[in-house]
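Structural overview for review
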Amino acid sequence: MDAYLMAEDFPKQFSKIECQPISLEGYAGVVFSGMGGSGIVGDFMKLFLSAEKPVLSIRGYDLPAFVKDNWLLVCTSYSGNTEETISVLEEALQRGLKPVCVSSGGKLREIANREGLVHIPLPEGYPPRYALGFMLSALLCLFGMDGSVERVREHLETNKEEIKKTAQELAKNMFTYLPVVYGTPLTEPVAFRWKTQINENSKTLCYNAILPEMHHNEVVGLDNPQIRNLCGFVLLYDPQDHERILKRVDITRQVFEDLGVLLKVLSGKGESLIERLLYLTYLGDWVSLYLADIYGQDPIPVKVIDFIKKSLA
Ligand code: F6R
């Protein structure tokens, strides 16, 4: 499938799915497990559910020792074959948890069927990172937030052309620079998604730092003009961030102005946090595609990821 067509259709991925919603009552906490394009959904869900229960979004092989059978585990792997996620699932089964599995097939579906676990199927045929909307819709519906799913679809459709226009400008600014995407506590998952989409689609390095932590280290690194002049800086924030974070956004803007370095400060459009975050996410996805285009790269193949997976098999 063509990357640009998949991006055009991304808003349509936000549609309600049939599943029995889960109540968090009775659970000590929730763990989301996933890697890469499938890991990011756990970061989003952590933001949306943290007010209710302790929530972890883990990437790796191990389930933390304090996670017992009164925790809910949700394993997401688009292919269903990612070894880190399967390792977490197997460890959870040994501890007596009844995880929920989300995949388009693979071992995750096999294990779920064998163990009588809830398995939420995803449409097949997408590179995992292009299926973010399907995965997020599945998890939002699982946690009873299906109303947001429809609103996000409409919101992204309505703002698509504006998003694409802004993305084109940003991609031009990043060409031949190392993109550096700063985030805040509320935009952290989005800033990370920008990084990973730029890595995988545009085939170039990109890195993140997050407020307020970056005010305690990263900012000193800006002292070096030879290196900072190689970078293209973006800062993503949300108007609902902590008031001191908003103050820090202004100070960061000032620091860059004083250095004479361009920093694009952006927040998402939308009435709700989820609309604003998905607005920024969609913007980043388009930036990565336009940047791929300027570099003459095909956004789809991720040869080195395939090589590493094969080498481990
Ligand atoms: C590829 C991609 C990768 C994968 C990751 C995990 O499009 O985005 O980051 O998401 O290698 O694989 P899955 O998602 O199949 O568990």
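Residue positions within a chain follow its written sequence, with the count starting from 1. For a predicted model such as this one, the threshold for reporting local features is a pLDDT of at least 70, and the threshold for listing and counting side-chain atom pairs is 80 or more; totals across whole chains, interfaces and linings nevertheless cover every residue. Computation of side-chain values covers all heavy atoms of the structure but excludes hydrogens and water.

1. Brief notes about the pattern of salt bridges
Heads up, the condition is: Any Lys or Arg side-chain nitrogen found within 4 Å of a carboxyl oxygen on Asp or Glu counts as a salt bridge. A helix here means a DSSP run of H or I that spans at least four residues, while a strand means a run of E at least two residues long, and both kinds are numbered starting from the N terminus.
If you walk through the whole model with that rule in mind, you get 16 salt bridges. Between Lys164 and Glu161 there is a salt bridge, and its shortest N-O distance comes to 3.9 Å. A residue pair is termed a helical-turn pair when its members lie 3 or 4 positions apart in one helix, as Lys164 and Glu161 do in helix α6 (residues 146-174) at 3 residues. The salt bridge involving Lys172 is made with Glu169; its shortest N-O contact spans 3.9 Å. Of this pair, Lys172 and Glu169 both sit in helix α6, separated by 3 residues, roughly a single helical turn. Salt bridges sharing common partners tie together Glu8, Glu157, Lys160, Glu161 and Lys164.

2. Describing the domain arrangement of the protein chain
Where we set the bar: All domain edges in this entry derive from an automatic or database-based domain assignment. The contact criterion used throughout is that any non-hydrogen atoms of two residues lie within 4.5 Å. The buried area of a pairing is the accessible area, by a 1.4 Å probe, that goes missing from both parts when the two are put together, added over both.
Along its sequence, the protein chain is organised into domain 1 (17-145) and domain 2 (150-295). For domain 1 and domain 2, the distance between their C-alpha centroids amounts to 27 Å. Listed per partner, the contact involves 11 residues of domain 1 and 15 residues of domain 2. Taken together, the two surfaces of domain 1 and domain 2 that pack against each other cover about 1,200 Å², and 71% of this comes from carbon and sulfur. Inspection of the region where domain 1 meets domain 2 yields 1 salt bridge. For Glu200, the salt bridge identified is with Arg129, shortest N-O distance 3.5 Å.

3. Some details on the pairing of strand β8 (residues 231-237)
Heads up, the condition is: Partly exposed describes any residue whose relative accessible area lies between the buried limit of under 20% and the exposed limit of over 50%, with all areas from a 1.4 Å probe on protein chains only and scaled to the type maximum. Any two strands with at least two DSSP bridges between them are considered paired.
For β8, the buried fraction is high: 7 of the 7 residues fall into the buried class. Going residue by residue along β8, you find Cys231, Phe233, Leu235 and Tyr237 tucked away on one face and Gly232, Val234 and Leu236 tucked away on the opposite face as well. Examined bridge by bridge, strand β6 (residues 178-183) and β8 share 5 bridges and lie parallel to one another. Paired with Val180 across the strands is Phe233, a residue of β8.

4. Remarks on the sheet that holds strand β7 (residues 207-210)
Heads up, the condition is: Between N-to-C directions, angles cover 0 to 180 degrees, with each direction set by a line fitted to C-alpha atoms, over the stretch in contact for helices.
As summarised here, the arrangement of the 4 strands in space is β7-β6-β8-β9, forming an open sheet in which the pairing is parallel. On the outer flanks of this sheet lie β7 and β9 (263-267), each paired with one strand and no other. Averaged over neighbouring strand pairs, the angle between their axes works out to 25° when direction is ignored. Packing of helix α7 (residues 188-202) onto the sheet brings it into contact with β6, β7, β8 and β9, and relative to β7 it is tilted by some 170°.

5. Re the environment of Pro179
Tracing the backbone shows Pro179 in strand β6. Taking the C-alpha atoms as reference, Pro179 lies 45 Å from Gly116; in sequence the two are 63 residues apart. Setting aside its immediate chain neighbours within four residues, Pro179 contacts Met174, Ile198, Leu205, Cys206, Tyr207, Gly232 and Leu291.

6. What to know about the site of the ligand
The line we're drawing: Put simply, a residue is near a molecule or strand once any heavy atom of it comes within 4 Å of that molecule or strand. Under the rule applied, a polar contact is a pair of N or O atoms within 3.5 Å (in protein, one hydrogen donor and one hydrogen acceptor; residues adjacent in sequence only if both atoms are side-chain atoms). Note on areas: Shrake-Rupley, 1.4 Å probe, and residue coverage restricted to the protein chains presented here. Under the scheme applied, nonpolar residues are Ala, Val, Leu, Ile, Met, Phe, Trp, Tyr, Cys and Pro; charged residues are Asp, Glu, Lys and Arg; polar residues are all the others, including Gly.
Contacts to the ligand come from 13 residues, most closely from Ser38, Ser77, Ser79, Thr82 and Arg129. A distance of 3.4 Å is found between an oxygen atom of the ligand and a backbone nitrogen or oxygen belonging to Pro128. Within the complex, 93% of the 400 Å² of free accessible area of the ligand lies under protein. With 3 residues, the top contributor of residues to the shell around the ligand is helix α2 (residues 36-49). Counted by class, the shell around the ligand contains 4 nonpolar, 6 polar and 3 charged residues.

7. Overview of the nonpolar core
To keep things clear, this is the line we draw: Remark: nonpolar core denotes a set of buried residues (Ala, Val, Leu, Ile, Met, Phe, Trp, Tyr, Cys) joined through side-chain atoms within 4.5 Å.
Ranked by internal contacts, the top residues of the largest apolar core, which has 67 residues, are Met45, Phe143 and Trp194. Broken down by element, the residue count for this core peaks at 13 residues, all from helix α11 (residues 273-295). The residues that make up this core include at least three from each of domain 1 (17-145) and domain 2 (150-295). For Phe143, the residues in contact, after removing those within four places along its chain, are Ile22, Leu24, Val30, Phe32, Met45, Leu49, Leu72 and Val74.

8. A look at the pairing of β7
Here is the rule we go by: Orienting the strands away from the viewer, one traces the path from the first strand over the helix to the second; a clockwise path indicates a right-handed crossover.
Where β6 meets β7, 4 bridges bridge the pair, whose relative direction is parallel. Bridge pairing in β7 places Val180 opposite Tyr207. Handedness of the β6-α7-β7 crossover: right-handed.

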